[in-house]
Amino acid sequence: MQDERTRNYIVDQTNKVWAKAIRKKECMHPEAPTNCSKNFGRAHSIQRSKLKRISENGKVLKVSTDSMTGSPSVEPVGIKPASTFYGFCNSHDNTLFASIEKSTLALNKETALLLAYRGMSIHMYYKRRRNETNLFRTLSRDSIPPLLKQNDELIRFGLNRLLHFAEPTYERMGIAILQRNFSNVYYFALIFNCVPDILCSEVSMINFGFQGSLVRENPQPYDFITFSLLPYKHQLGIAVFAWHGKCQTNENFLKSLLSQGQREYPDAIVRFVFRYLSNYFISPKWWRRLPQYKKDSLWSKAIDRSMLVDLTDDSQRYVNWKVTDIKANLKL
């Protein structure tokens, strides 16, 4: 009983510290603080009108993982607070992403970069907050289990290393937006015949492809690829991989996707989302109808967030999306 009370106390206190940390307002527009407004709302990395397309009674589902046990669960969240962060002042949030908020999104180098920048922004916001936050600062040293403290130190060490490579990448993307120089933008998109049951906007670092083989060629530890999974036009969906700067790792990764065969692309995308990403939201109707053994398969992917992950075909068919078109500005 004492151990359970201690655990609950630690969880409660660290949650309070984290809740305070993510209330920090930081405009991440590349020209900030120039032309910033004084007002900050919660910026959406996935537009509320898009989340509404998969919602039920105004809610979507989000996968969360218990920080103490690593066990995943799905929790309902309203479409208003879902996928939000204090990463842009109101003025910059309204102007920067206007062209990708339209229901008739035109996919090109400029909009691909804006999708990438938005996905990268929420990633950078939370990584910065976690890196600068000591979750245990309200606790006495004696109340912190040694393994938990050691794990926290390893996480923050890893974040320092990740941000060392991510910050220059993020800065280059911002400069390209300011200069309206889209020559170094690369994108690959799948068009689906329906609105996806999962919506996503984030960035990831790839090591292995869909055939299980190593795809990373760059000697530095991280190659960044952004991913957006969104409604497209009227009743379609789109999955957009995008990045800034030539990157053989990302090209190898997409080649491994193409090797799966077009019928396999949608389920490969689902495996990728659950394995690599965290800023994604699920249709309650789709999740409710999914058989338990398929949920269990996805749980196993959500738990394993190591970089040495398996994206090979698990023989499960999770969604009924069909690819109707492929749009890209690079040859694979």
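A brief look at the structure comes next. Every chain is numbered independently, its residues counted from 1 as its sequence is written. Where totals are concerned, whole chains, interfaces and linings use all residues; where local detail is concerned, this predicted model gives features only for residues with pLDDT of at least 70, and gives and counts side-chain atom pairs only at 80 or more. Heavy atoms throughout the structure, all of them, feed into the side-chain values; hydrogens and water do not.

This paragraph deals with unusual backbone geometry. Residue Ala-32 is joined to Pro-33 through a cis peptide bond whose omega torsion reads 10°. With respect to the helices and strands, the residue Pro-33 is situated in the loop between α1 (2-21) and β1 (43-44). You will see that Asn-57, though not glycine, has its phi angle at about 55°, which is positive. Here a helix means four or more residues in a row that DSSP labels H or I, a strand means two or more in a row labelled E, and each is numbered from the N terminus. The topology assignment puts Asn-57 in the loop between α2 (48-52) and β2 (59-65). One non-glycine residue, Ser-315, adopts positive backbone phi at about 70°. You can see Ser-315 is positioned in the loop between α10 (292-303) and β10 (323-328).

Along the chain, the position of Asn-131 falls in helix α5 (residues 109-131). Here the alpha-carbon distance between Asn-131 and Asn-160, two residues 29 residues apart in the chain, equals 6.8 Å.

For every residue, the accessible area obtained with a 1.4 Å probe (protein chains only) is divided by the maximum for its type, and the residue is called buried under 20%, exposed over 50%, and partly exposed between those limits. With eight of eleven residues buried, helix α7 (residues 248-258) lies mostly within the body of the structure. For α7, the set of buried residues is Thr-249, Asn-250, Glu-251, Asn-252, Phe-253, Leu-254, Ser-256 and Leu-257.

Another point: the pairing of strand β8 (residues 236-244). Judged by how many residues are buried, β8 sits mostly within the fold: eight of nine residues are covered. Whether two strands pair comes down to DSSP finding at least two bridges between them. Where strand β5 (residues 185-192) lies against β8, eight bridges are found, and the strand directions are antiparallel. Bridging from a neighbouring strand, Phe-192 pairs with Gly-237 of β8. In this sheet, β8 lies alongside strand β7 (residues 224-232) in antiparallel orientation, the contact comprising seven bridges. Looking across to β8, one finds that Leu-230 is bridged to Ile-238.

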